[in-house]
Amino acid sequence: MTQHYNHEKYWKMHNEVINSNSKKNILVRYFYLFRVKRSDAFNNASFGTDIDKGAYFKTPPILPHHLNGIIVSPYAKIGKNVTIFQQVTIGQAKDNKAAVIGDNVMIGAGVKIIGNIKIGNNVKIGAGCIVCEDVPDNATVVMNKPRIIIRKC
């Protein structure tokens with residue numbers, strides 16, 4: 001079922017569409033938008049996935065299980081080298097603000113990140129966690145009610 005999703009091509013086109021300073025011809029950008037939306041529509045129908053156009057990624061995320069059930073708010077800001085496993089939701093608060101996720105973060109399967117919070121750099125969030133408060137750099141979050149464990153470097 002993942003034949004319609006090519007990771008490299010999808011993220012290259014996605015970045016050209018959302019980049020207001022893109023040097024690409026407007027017709028090429030519209031074509032890219034069409035391809036991205038077509039891929040999104042297929043993936044929404046088959047995988048239950050919704051990565052909104054406004055979501056900002058510094059680099060394309062690492063998706064070990066492809067787009068399986070990943071939902072990202074259009075207001076989310078996600079750093080470099082972020083690994084997102086299946087069934088992850090990055091939701092927004094009532095005021096249309098969503099999480100800011102740092103660099104080198106690993107988000108485990110089934111994690112729910114809710115609200116206007118900050119996830120630091122080099123953070124690991126274990127499977128099934130519900131994160132609704134800020135997480136400092138170099139921490140690990142475990143359990144369904146977040147319990148933050150500070151890692152000393």
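This text follows the structure it describes.
Figured I'd write up the structure that's included with this text. Source: prediction; values computed, not measured.

As for the overall build of the protein chain
Phase 1 of the analysis: Assigned secondary structure in the protein chain consists of 2 helices and 14 strands.
Phase 2 of the analysis: Per-residue burial over the protein chain gives 38% buried out of 153 residues.
Phase 3 of the analysis: Put simply, 16% of the contacts in the protein chain that link residues at least 6 apart link residues at least 24 apart.
Phase 4 of the analysis: Of the roughly 8500 Å² of accessible surface on the protein chain, 55% is carried by carbon and sulfur atoms.

Description of the pattern of salt bridges
Phase 1 of the analysis: Applying the stated rule across the entire model yields 1 salt bridge.
Phase 2 of the analysis: Close ionic contact of Lys 58 with Asp 103 constitutes a salt bridge, the shortest N to O distance being 4.0 Å. Note that Lys 58 is positioned in the loop between strand E2 (56–57) and strand E3 (71–72) and Asp 103 in the loop between strand E7 (100–101) and strand E8 (106–107), a separation of 45 residues in sequence.
Phase 3 of the analysis: Owing to a relative accessible area of 18%, Asp 103 belongs among the buried residues under this scheme.

Side note on the sheet that holds E3
Sheet strands associate in pairs through backbone hydrogen bonding, adopting either a parallel or an antiparallel arrangement.
Phase 1 of the analysis: In space, the 5 strands of this open sheet follow the order E1-E3-E6-E9-E12, with parallel pairing throughout. Strands with a single pairing partner mark the edges of an open sheet, and in this sheet they are strand E1 (50–51) and strand E12 (130–131).
Phase 2 of the analysis: The pairing of E3 with strand E6 (residues 89–90) spans 2 bridges and is parallel. Along E6, the bridge assignment pairs Val 72 with Ile 90.

Re the sheet that holds strand E5 (residues 83–84)
Phase 1 of the analysis: Strand order in the open sheet formed by 5 strands is E5-E8-E11-E13-E14, with mixed pairing between adjacent strands. Either end of the sheet is taken by a strand with one partner, and the two such strands are E5 and strand E14 (147–150).
Phase 2 of the analysis: Taken together, the 2 bridges between E5 and E8 define a ladder with parallel strand orientation. Pairing of Ile 84 across the sheet is with Ile 107, part of E8.

Section: the pairing of strand E13 (residues 139–142)
Phase 1 of the analysis: The side-chain alternation of E13 yields one buried face, formed by Ala 139 and Val 141, and one unburied face, formed by Thr 140 and Val 142.
Phase 2 of the analysis: Examined bridge by bridge, strand E11 (residues 124–125) and E13 share 2 bridges and lie parallel to one another. Residue pairing in the sheet places Lys 124 in a bridge with Thr 140 of E13.
Phase 3 of the analysis: The pairing of E13 with E14 spans 4 bridges and is antiparallel. Looking at the pairing, Thr 140 lines up with Ile 149 of E14.

Focus: the packing of aromatic side chains
Phase 1 of the analysis: One pass over the structure, following the stated rule, counts 2 aromatic pairs.
Phase 2 of the analysis: Between Trp 11 and Phe 57, the ring centres sit 4.8 Å apart and the planes meet at 65 degrees, which makes this aromatic pair edge-to-face. You can see Trp 11 sitting in helix H1 (residues 7–18) and its partner Phe 57 sitting in strand E2, a full 46 residues away along the chain. Across the pair, Phe 57 and Trp 11 agree in class, each one buried.
Phase 3 of the analysis: An aromatic cluster of three or more residues is present, and its members are Tyr 10, Trp 11 and Phe 57.

Basis of the calculations
- Numbering of residues begins from 1 in every chain and follows the order in which that chain's sequence is written.
- Only residues with pLDDT of at least 70 are given local features in this predicted model, and only at 80 or more are side-chain atom pairs given and counted; all residues enter the totals for whole chains, interfaces and linings.
- Side-chain measures were taken over the full set of non-hydrogen atoms in the model, leaving aside hydrogen atoms and water.
- Counting from the N terminus, the helices are the DSSP runs of H or I reaching at least four residues and the strands are the DSSP runs of E reaching at least two.
- Residue burial is assigned from relative accessible area. The probe radius is 1.4 Å, only protein chains are included, and a residue is buried under 20% of its type maximum, exposed over 50%, and partly exposed in between.
- Contacts: residue pairs with any heavy atoms within 4.5 Å of one another.
- Under the convention used here, a 1.4 Å probe and the Shrake-Rupley method define accessible areas, while residue burial counts only the protein chains that appear.
- By salt bridge we mean one thing: a side-chain nitrogen of Lys or Arg within 4 Å of a carboxyl oxygen of Asp or Glu.
- By the convention used here, strands pair only if DSSP detects at least 2 bridges between them.
- Aromatic pairing here means that ring centres of Phe, Tyr or Trp (its six-membered ring) are within 6.5 Å. Orientation follows from the plane angle: under 30 degrees is stacked, over 60 is edge-to-face, and everything else is tilted.

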